[in-house]
Amino acid sequence: MQAFTTHTGIVALLDRVNVDTDQIIPKQFLKTIKRTGLREGLFFDWRRKPDGSPDPEFFLNQPRYQAATILLTRDNFGCGSSREHAPWALLDQGFRCVIAPSFADIFYNNCFQNGILPVVLKADEVLRLMKSVTGTVGYQLTVDLGDQTVTAPDGVTYRFEVDPFRKDCLYRGLDSIGLTLQHEAAISAYEQRRKRETPWLYGDLRRRTGETTR
Amino acid sequence: MGASTLFDKIWESHVVRTEPDGTTLLYIDRQLVHEVTSPQAFEALKMAGRRPRRPAAALAVPDHNVPTTDRKLPIVDPISAKQIETLEENCREFGISLFGMNDVRQGIVHVIGPEQGFTLPGATIVCGDSHTSTHGAFGALAFGIGTSEVEHVLATQCLLQKRPKTMEIRVDGVISDRCSAKDIILAIIGTIGAAGGTGHVIEYTGSAVRALSMEGRMTVCNMSIEAGARAGMVAPDEKTIAYLKGRPLAPTGTLFEQAVLAWQQLKTDSNARYDATVTLRAEEIAPQVSWGTSPGMVAGVDQKVPDPQTMPDEKTRSATERALEYMGLTANMLITDIRIDRVFIGSCTNARIEDLRVAAAFAKGRRVATTVRAMVVPGSGLVKQQAEAEGLDHLLREAGFEWREAGCSMCLAMNADVLKPGERCASTSNRNFEGRQGAGGRTHLVSPAMAVAAAIEGHFVDIRHWG
């Protein structure tokens, strides 16, 4: 996973609440067995008019946002389906950071697994930034994970919270499975204890799942 | 340790270790696997040279991307076929149990887990699917995860988690005749909103929840995610134990008796505190119909479509305007004046045997409106088999419903079961997002009884005063 330390980039604006992962990447792109190449599916339905032609109003079709790497949006971003294809598609488009007043839990987790930093700012701060983005083509922000700050071109700094453990993993680009595997002894000890306490959770189900055809 | 909630008890019994900031290495007892969110996890596992730690604790099934027509025919879409083959290959390579396409036990992952007795009280259960919350109906801690976390659980049987907050949703009283678990959960989401449960695990309590069957509890817990919650749960009781007894993968004999003793302890202590509590009266819950493009946009069938002009703030007003435009509805029109083109009875929310019994009872001796195409997709091959043994398929077919093979089908329309642009569907599924059932399609979430009545009348009706 790519580490996230500080990042400066153009901000794109998606002024909608409750953007669900079905919108971020619709179902037809979930048939893939790869994590790459999903850019084509990003906001697929919203990018197009009913006749299939590109909707020039939609933010991703606007020239000013083509090079954007930070997405600024509204409450409950990433709600619905757990599909990790959503952060994969955002990453494939070049987004490294999403700023919103709130996120859905699973999407928020999925971002950290993929080198994307989800930043929660207060609703009034997001509104203020939205005004700035609308008013300035090429508007950029600097996001500093170490300091937990978002800095605007006018020098105003917004602070955000992030769990120390998640922060450390993302900041250093750590493989979280590798981290967990370092605790192999603790996992084994847990399993030994639980096998005695709750033996019904430890049988080999495979002995009872033999094939049954229709 | 003082008084604990049901959630606290399960969480604490699964802590392997805790980081200084409270991040917990949580042990996962069981994992369900399906074809859509697992291929990248298996691929990454292989690339890192890792093996599943406890393949015996996982169960896999293709469901999202399977056709619901004749299973003897090959899958037409080569990409869908490839995804299902990949699941089969991965399960073979790593020694994971799989109910394949032609296994009678195949079905929606959240239907087969409980049906097989794979889902057990007190267990931690995950799946790369947000509706994993369904399994909480058994007093399990069950939640959806992303593909990276699927890989994490395969490799380590653990997950790194921040402890969520707890929320009690208490529904007391007796629900109106012909109202159901679906109406309860839609009313809850309408009350707390699509993000009302974010960061929380919900425990559903109260006499109306206790009165629900296991199927009904699954319907309620299933849609916890639509309120933004990580998980939903109901404390196990005699119904839970009776449901599980004799299921193929449930413990047997003295092991079952030992388990029951432990399961009976799984309840919130009387003086335990939740971080938040919400209460509803069951009597006040009318049959629900969603009118918008977020599950929180829902109203009683006796209500009108809301008017954006009466909304308190700009954000809600613009979201409502947008939703009404997409849905092709007019502010202040009666919900019962909404005419529909399609009906879908199915999904992990409402495709269990009880749902099909209700559907068949309302369809019996009636006829689907000539303007409506209606389909029933059982939740599993075994549900289908049971329904056929009871003659439910016959009643539904006679009434003009299509009777299909098991799968997720038009809940997410990943297979060939799709709405056309502009088509309006009364659906027993869980998400009314734009395009969820097909680009440009319009979804109204309802209970099975409400879906059948709408199929027959061609528009929504108040099931309490119908027929």
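None of these values were measured; they are calculated from a predicted model.

(A) Structural view of the overall build of chain B. Assigned secondary structure in chain B consists of 15 helices and 19 strands. Relative to a compact globule of 467 residues, whose C-alpha radius of gyration would be 23 Å, chain B shows 21 Å and is just as compact. The dimensions of chain B, computed from C-alpha atoms along their principal axes, are 55 × 55 × 45 Å.

(B) Representation of the overall build of chain A within the structure. Scanning chain A for helices and strands turns up 8 helices and 7 strands. With the C-alpha coordinates of chain A rotated into their principal frame, the extents come out at 65 × 50 × 25 Å. Counting over 214 residues, chain A shows a buried share of 41%. Taking as baseline every contact in chain A between residues at least 6 positions apart, the subset at least 24 positions apart corresponds to 69%.

(C) Main features of helix H12 (residues 353-363) of chain B. Residues and elements named next belong to chain B. By the criterion of burial, H12 is predominantly enclosed, with 8 of the 11 residues buried. Those residues of H12 that fall on the buried side of the exposure criterion are Ile-353, Asp-355, Leu-356, Val-358, Ala-359, Ala-360, Phe-362 and Ala-363. The inward-facing, buried residues of H12 contact helix H8 (214-222), strand S15 (342-345), strand S16 (373-376), helix H13 (381-389), helix H14 (392-398) and helix H15 (448-457). Downstream of H12 by a residue or two, Gly-365 has a phi angle that is positive, lying close to 75°.

(D) The interface of chain B and chain A, seen in detail. Residue-level contacts link 72 residues of chain B with 53 residues of chain A. Secondary-structure elements contributing two or more residues to the side of chain B that touches chain A are strand S1 (15-18), strand S2 (24-27), helix H2 (39-47), helix H3 (78-94), helix H5 (147-156), strand S8 (158-161), helix H10 (253-263) and helix H11 (314-327) of chain B. No other element matches H5 of chain B, which puts 6 residues into the side of chain B that touches chain A. Partitioned by chemical class, the residues of the side of chain B that touches chain A number 30 nonpolar, 26 polar and 16 charged.

(E) Looking closely at the nonpolar core. In terms of nonpolar packing, the biggest core is built from 213 residues, with Val-343 and Met-450 of chain B touching the most fellow members. Setting aside chain neighbours within four positions, we find Val-343 of chain B in contact with Val-372, Ala-374, Cys-425, Ala-426, Ala-451, Ala-454 and Ala-455 of chain B.

(F) Representation of the sheet that holds S8 of chain B within the structure. Strand order across the open sheet formed by 3 strands is S1-S2-S8 (chain B), with antiparallel pairing between neighbours. Two strands lie at the open edges of the sheet, namely S1 and S8 of chain B, each paired on one side alone. Taking the axes of each pair of neighbouring strands and ignoring which way they run, one obtains an average angle of 20° across the sheet. By the bridge criterion, 3 bridges tie S1 of chain B to S2 of chain B in an arrangement that is antiparallel. The residue bridging Val-15 of chain B from the neighbouring strand is Leu-26 of chain B, located in S2 of chain B. Relative to the sheet, helix H8 (residues 184-197) of chain A contacts S1, S2 and S8 of chain B, its axis offset from that of S1 of chain B by approximately 145°.

(G) Expanded view of the sheet that holds strand S12 (residues 276-281) of chain B. All names here are of chain B. Strand order in this open sheet of 4 strands is S11-S10-S9-S12, and the pairing throughout is parallel. Looking along the sheet, the strands with just one partner apiece sit at the ends: strand S11 (231-233) and S12. Pairs of neighbouring strands in the sheet enclose a mean axial angle of 20°, with direction left out of account. The sheet contact formed by strand S9 (residues 165-172) and S12 spans 6 bridges and is parallel. Pairing of Arg-170 across the sheet is with Thr-279, part of S12.

(H) The environment of Ile-340 of chain B, seen in detail. Residue and element names in this part refer to chain B. By the element assignment, Ile-340 lies in the loop between H11 and S15. On the basis of neighbour counts, which here come to 25 C-beta atoms within 10 Å, the residue Ile-340 falls in the buried class. Ile-340 sits 46 residues away from Ser-294 along the chain, and the two C-alpha atoms are 19 Å apart. In contact with Ile-340, not counting residues within four places along its chain, are Val-372, Arg-424, Cys-425, Ala-426, Ala-454, Gly-458 and His-459.

(I) Structural context of the packing of H12 of chain B against H15 of chain B. Residue and element names in this part refer to chain B. In contact at an axis separation of 8 Å, H12 and H15 are set at 30° when each is read in the N-to-C sense. In this view, H12 runs roughly parallel relative to H15, as classed from their interaxial angle. When you trace H12 past H15, the crossing you get is right-handed. Contacts between H12 and H15 pair Asp-355, Val-358, Ala-359, Phe-362 and Ala-363 from the former with Pro-448, Ala-449, Val-452 and Ala-453 from the latter. Class assignment of the residues belonging to the contact of H12 with H15 gives a composition of 8 nonpolar, no polar and 1 charged.

(J) Structural context of unusual backbone geometry. Residues and elements named next belong to chain B. Even without a glycine there, the phi angle at Gln-157 is positive, about 60°. The backbone phi angle of Ser-347 is positive, close to 90°, even though this residue is not glycine. Inspection of the secondary structure puts Ser-347 in the loop between S15 and H12. You can call Ser-347 buried: it has 28 C-beta atoms within 10 Å.

(K) Spotlight on helix H6 (residues 164-172) of chain A. Residues and elements named next belong to chain A. The complete set of buried residues in H6 reads Arg-166, Cys-169 and Leu-170. Buried residues in H6, looked at end-on, bunch into an arc of 90°, giving them a common side. Opposite the buried face of H6, by more than 90 degrees, sit the exposed residues Pro-164 and Arg-172. The secondary structure elements touched by the buried residues of H6 are helix H4 (105-112), strand S4 (117-120) and helix H7 (176-181). One or two residues past the end of H6 sits Gly-173, with phi positive at roughly 65°.

(L) Structural detail: the pairing of strand S7 (residues 141-144) of chain B. All names here are of chain B. On S7, burial covers both faces: Leu-141 and Phe-143 on one face and Ala-142 and Gly-144 on the other are all buried. Here strand S6 (residues 124-127) runs beside S7; their pairing, made up of 4 bridges, is parallel. Bridging from a neighbouring strand, Thr-124 pairs with Leu-141 of S7.

(M) How the structure looks around the environment of Pro-101 of chain A. Residues and elements named next belong to chain A. Mapping Pro-101 onto the fold places it in the loop between strand S3 (97-100) and H4. In this structure the C-alpha to C-alpha distance between Pro-101 and Gly-138, which are 37 residues apart in sequence, comes to 22 Å. Other than its neighbours up to four places away in sequence, Pro-101 contacts Arg-74, Asp-75, Val-120, Leu-121, Lys-122, Ala-123 and Val-126.

The rules behind these values
Residues numbered from 1 in each chain as written. Chains lettered and ligands numbered in written order. Predicted model: local features only at pLDDT ≥ 70, side-chain atom pairs only at ≥ 80, totals over all residues. Helix = DSSP H or I, 4+ residues; strand = E, 2+ residues; numbered from the N terminus. Rg over C-alpha atoms; globule rule 2.2 N^0.38 Å. Buried ≥ 20, exposed ≤ 12 C-beta atoms within 10 Å, placed from the backbone. Contact = placed C-beta atoms within 7 Å. Nonpolar A, V, L, I, M, F, W, Y, C, P; charged D, E, K, R; others polar. Core = buried A, V, L, I, M, F, W, Y, C linked by C-beta atoms within 7 Å. Pairing = 2+ DSSP bridges. Axes fitted to C-alpha atoms, helices over the stretch in contact; angles between N-to-C directions. Parallel < 35°, antiparallel > 145°, perpendicular 65-115°, else oblique. Left-handed = near helix turned anticlockwise from the far one by under 90°. Arc of directions from axis to C-beta.

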